[in-house]
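Notes for the structure review
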Amino acid sequence: MTDQVSPEITSDDKLWAALAYIFSPLGPIVLMLMEDKKDRPYLRKHYYQALVAGIVLIILTTITVGCLSILWLAMFYWAYKAYQGEEVVIPVITDFCIKQGWA
């Protein structure tokens, strides 16, 4: 068993770790490119976590915004249909409104 002495965690390390999360995913990439920061174990753990969390956040935001955009376009289509005097049937929502006695 080898004794590895971990370097002391400095206040600079703590600041960079916090900034990695705040400015993710760009912040962790910058840390990976900084010669004096990329080999610090404390920072390494945090910038990888921040990078993955940032990528997941971007993917989820894109999916959510994409779904909302599609729904927004559907609202225009339903508005057009209603303006034409046609009955608009929205899956699940129309049945729910009828069962509640609202429509």
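Structure: see above.
Attention here is on the structure that accompanies the text. Keep in mind the model is a prediction, meaning the values are calculated, not measured. (Residues numbered from 1 in each chain as written. Predicted model: local features only at pLDDT ≥ 70, side-chain atom pairs only at ≥ 80, totals over all residues. Heavy atoms only, no water.)

**What to know about the packing of helix H2 (residues 26-33) against helix H3 (residues 41-83)**
Condition: Here an angle of 0 to 180 degrees is reported between the N-to-C directions of two axes, which are lines fitted to C-alpha atoms, with helices fitted over the stretch in contact. Helix and strand assignments come from DSSP, with helices taken as H or I runs of at least 4 residues and strands as E runs of at least 2, each series counted from the N terminus. By definition, turning the near helix anticlockwise from the far helix through less than a right angle yields a left-handed crossing, and turning it clockwise yields a right-handed one. The contact criterion used throughout is that any non-hydrogen atoms of two residues lie within 4.5 Å.
Where H2 meets H3, the closest approach of the two axes is 8 Å, and the angle between their N-to-C directions is 145°. In terms of crossing hand, the pair formed by H2 and H3 is left-handed. Residues Pro-28, Ile-29, Leu-31 and Met-32 of H2 form the contact with H3, whose participating residues are Tyr-47, Tyr-48, Ala-50 and Leu-51.

**Considering the packing of helix H1 (residues 11-22) against H3**
Here is the rule: By definition in this entry, angles of less than 35 degrees are roughly parallel, angles greater than 145 are roughly antiparallel, angles of 65 to 115 are roughly perpendicular, and the rest are oblique. Any residue that is not Ala, Val, Leu, Ile, Met, Phe, Trp, Tyr, Cys, Pro, Asp, Glu, Lys or Arg is counted as polar, Gly included; the first ten are nonpolar and the last four charged.
Across the interface, H1 lies against H3 with an axial gap of 8 Å and an inter-helix angle of 10°. Overall, the two elements H1 and H3 adopt an arrangement that is roughly parallel. Here Asp-13, Lys-14, Trp-16, Ala-17, Ala-20 and Tyr-21 of H1 lie close against H3, whose contacting residues are Tyr-42, Leu-43, His-46, Tyr-47, Gln-49 and Ala-50. In the contact of H1 with H3, the residues fall into 8 nonpolar, 2 polar and 2 charged.

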